[in-house]
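For reference, the chains in residue letters:
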Amino acid sequence: MRNIVALGTAALILFAEFTSPFTPAPAPVAVPPVRYKLRTVVLDAGHGGKDRGCAGVKAREADVALKLVLALGKEIEENMPDVKVIYTRKTDVFVELVDRAGIANKHNADLFISIHCNASSPSAHGTEVWTMGPHKTDANLAVAKRENSVILQEDNYKEQYNGFDPTSPQSHILFSLFQSAYMVNSIRFAQKVDRQFRTKLQRPSRGVKQAGFLVLWKSAMPSVLIESGFLTNRQEEAYLNDKTNQSYMASGIYQAFRDYRHELEAGSGD
C-alpha cells in the first residue's frame, strides 16, 4: 500500500511538471545572422560590332569601352577569386541592349557595370556616372537618347522594348521610374566610382547623374553606366586611348567596387 501511494505521488509530481503554467519555455536556439556575399558582377562594354558608338579622331567608343572592361575584369579576377566575373562581350561583337540586361539577370548578378565613352562639343570634358532614374535636365535626356538610339539597329526593337521610342522624351520619362528598388545601392556604388575618378585619378568629373538608360532598364540588380570621358575632346581622347591610362581608369573602378563590396558585406547580418 505504501508503495502504491509513493508511486501515485511521484506520478502526480511528474504530471504537474509537464502541465504547470509556470514551467519556463526552453531557451531559443541562437541562429547566426545571414551575411550578404557579393558573388557575381556583370561587366558590359558598350556598343560593339556594327555599332561603333561615338568616335574621336582616332579612337572608337566600342574599342575603348572594351579595353576598359577587360582591364577591370582582370583586376577583379586577380584580386577577388571568389567573385564571378561575367562579360556581356569580350570581343568586337554586337549585343542588343535587352540581351545585356538578360545576361545579368540570367546569372543572378549582384551588380551590373556598363562602360561607355561620351560625345559632345570639342570643349566638353569629364567623367559621368549614371544610374537609372528620371532625367533632371535636357542635357541628361540628350545623353540617354544618344546611348539608347542603338536600338534602331536592332530587329523588332518596338516589340523588344514594349513600344519604346528612343526619340521621344515621353518614353524616357515613363520607363525611367523603373529600377527604384535598386536605386539606393546603384547611387552608392556610383558615388564611390565618382570619388575615385576625382580624388585618386584627378580626372575632371561631371558628377553622379540619373536618366533613363535602356541598358539599365531591365537589370534586376543595382546597376550603373560609366561615361569614361569625351572622345570628341582631343585631350580626353588621347588619355582614354592610352593603355596605361586605361589601366588607371580600370583600377579606380576596381577600388570603388572593392569598397562597395566591403561596405555591403560588413553591414549585413548586424
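All of these numbers come straight from a predicted model, not from anything done at the bench. (Residues numbered from 1 in each chain as written. Predicted model: local features only at pLDDT ≥ 70, side-chain atom pairs only at ≥ 80, totals over all residues. Heavy atoms only, no water.)

Visitor: Explain the packing of aromatic side chains here, please?
Guide: Here a ring pair, both rings aromatic, is described through the centre-centre distance and the interplanar angle of the planes. Per the stated rule, a full pass over the model turns up two aromatic pairs. With a centroid separation of 5.3 Å and an interplanar angle of 70 degrees, the aromatic rings of tryptophan 130 and phenylalanine 213 are classed as edge-to-face. Placement of the pair is tryptophan 130 in strand β4 (residues 127-132) and phenylalanine 213 in the loop between β5 (205-211) and α8 (214-217), with a sequence separation of 83 residues. Note on accessibility: tryptophan 130 and phenylalanine 213 belong to one class, buried. Arranged with centres 5.3 Å apart and planes meeting at 65 degrees, the rings of phenylalanine 189 and tyrosine 260 form a pair that is edge-to-face. Here phenylalanine 189 is found in helix α7 (residues 183-200), whereas its partner tyrosine 260 is found in helix α10 (residues 243-267), with 71 residues between them in sequence. (Phe/Tyr/Trp six-rings, centres within 6.5 Å; stacked < 30°, edge-to-face > 60°. Helix = DSSP H or I, 4+ residues; strand = E, 2+ residues; numbered from the N terminus. Buried < 20%, exposed > 50% of the residue type's maximum accessible area, 1.4 Å probe, protein only.)

Visitor: Please clarify how unusual backbone geometry should be interpreted in this entry.
Guide: For residues besides glycine, phi is generally negative; the peptide bonds are generally trans as well. A positive phi angle, near 65 degrees, is found at histidine 47, a position not held by glycine. Looking at the secondary structure, you find histidine 47 in the loop between β1 (40-45) and α2 (61-79). In this model, asparagine 108 sits at a positive phi of 50 degrees, which is unusual for a non-glycine residue. Tracing the sequence through the fold places asparagine 108 in the loop between α3 (97-106) and β3 (111-118).

Visitor: I keep staring at the environment of glycine 102 and nothing clicks. Help me out?
Guide: Looking at the secondary structure, you find glycine 102 in helix α3. Spatially, the C-alpha atoms of glycine 102 and serine 219 are 7.2 Å apart, while their sequence positions differ by 117 residues.

Visitor: Explain the sheet that holds strand β6 (residues 223-230) here, please?
Guide: Each strand in a sheet pairs with another by means of backbone hydrogen bonds, the pair being arranged parallel or else antiparallel. The sheet built from six strands is open, its strands ordered β2-β1-β3-β6-β4-β5 with mixed pairing. Whereas interior strands pair on both sides, the edge strands pair on one side only; in this sheet they are β2 (84-87) and β5. Between one strand axis and the next, the sheet turns through 20 degrees on average, direction left out of account. Pairing of β4 with β6, which is carried by three bridges, proceeds in the antiparallel orientation. What sits directly across from valine 129, in β6, is isoleucine 226. (Pairing = 2+ DSSP bridges. Axes fitted to C-alpha atoms, helices over the stretch in contact; angles between N-to-C directions.)

Visitor: Explanation requested: the packing of α7 against α10 in the structure shown.
Guide: Helix packing for two helices is described by the angle between their axes and how far apart those axes are. Packing of α7 against α10 leaves a shortest axis separation of 8 Å and a crossing angle of 140 degrees. In terms of axis orientation, α7 runs oblique to α10. Of the two elements, α7 crosses α10, and the hand of that crossing is right-handed. When α7 is examined against α10, the residues Asn185, Arg188, Phe189, Lys192, Val193, Gln196 and Phe197 are found in contact with a partner set consisting of Met249, Gly252, Ile253, Gln255, Ala256, Phe257, Asp259, Tyr260, Glu263 and Leu264. (Parallel < 35°, antiparallel > 145°, perpendicular 65-115°, else oblique. Left-handed = near helix turned anticlockwise from the far one by under 90°. Contact = heavy atoms within 4.5 Å.)

Visitor: What exactly am I supposed to notice about the pattern of salt bridges here?
Guide: Between side chains of opposite charge, a pair can form as their charged atoms come close. A full pass over the atoms with the stated rule returns 13 salt bridges. Its salt-bridge partner being arginine 198, residue aspartate 194 comes within 2.9 Å of it at the nearest N-O pair. Of this pair, aspartate 194 and arginine 198 are both found in helix α7, four residues apart, which corresponds to roughly one turn of the helix. On the basis of relative accessibility, which here comes to 7%, the residue aspartate 194 falls in the buried class. Judged by relative accessible area, arginine 198 falls into the partly exposed class, the value being 39%. Linking arginine 258 and aspartate 259 is a salt bridge whose minimum nitrogen-to-oxygen distance equals 3.2 Å. Take arginine 258: its relative accessible area is 37%, and that puts it in the partly exposed class. Connected through salt bridges with shared partners, the residues Lys37, Asp82, Arg261 and Glu265 form a single ionic network. (Salt bridge = Lys/Arg side-chain N within 4 Å of Asp/Glu carboxyl O.)

Visitor: What's the story with the confidence of the model for the protein in this structure? I'm lost.
Guide: Should pLDDT be low for a region, the predicted coordinates there are not to be read in detail. On average, residues of the protein score 82 in pLDDT, and 69% of them are at 70 or above. Every residue in residues 1-22 scores below 50 in pLDDT, and together they form one contact with partners more than four places removed in sequence or on other chains. (pLDDT = per-residue confidence, 0-100.)

Visitor: Teacher, can you tell me more about the packing of α2 against α10 here?
Guide: Look at α2 against α10: their axes get within 8 Å of each other, and the N-to-C directions meet at 50 degrees. One way to sum up the angle between α2 and α10 is to call them oblique. The two elements α2 and α10 meet at a crossing, and its hand is right-handed. Mapping the contact onto sequence places Lys67, Leu68, Ala71, Leu72, Glu75, Ile76 and Asn79 in α2 and Gln246, Ser247, Met249, Ala250, Ser251, Ile253, Tyr254 and Phe257 in α10. Class assignment for the residues of the contact of α2 with α10 results in nine nonpolar, four polar and two charged. (Nonpolar A, V, L, I, M, F, W, Y, C, P; charged D, E, K, R; others polar.)

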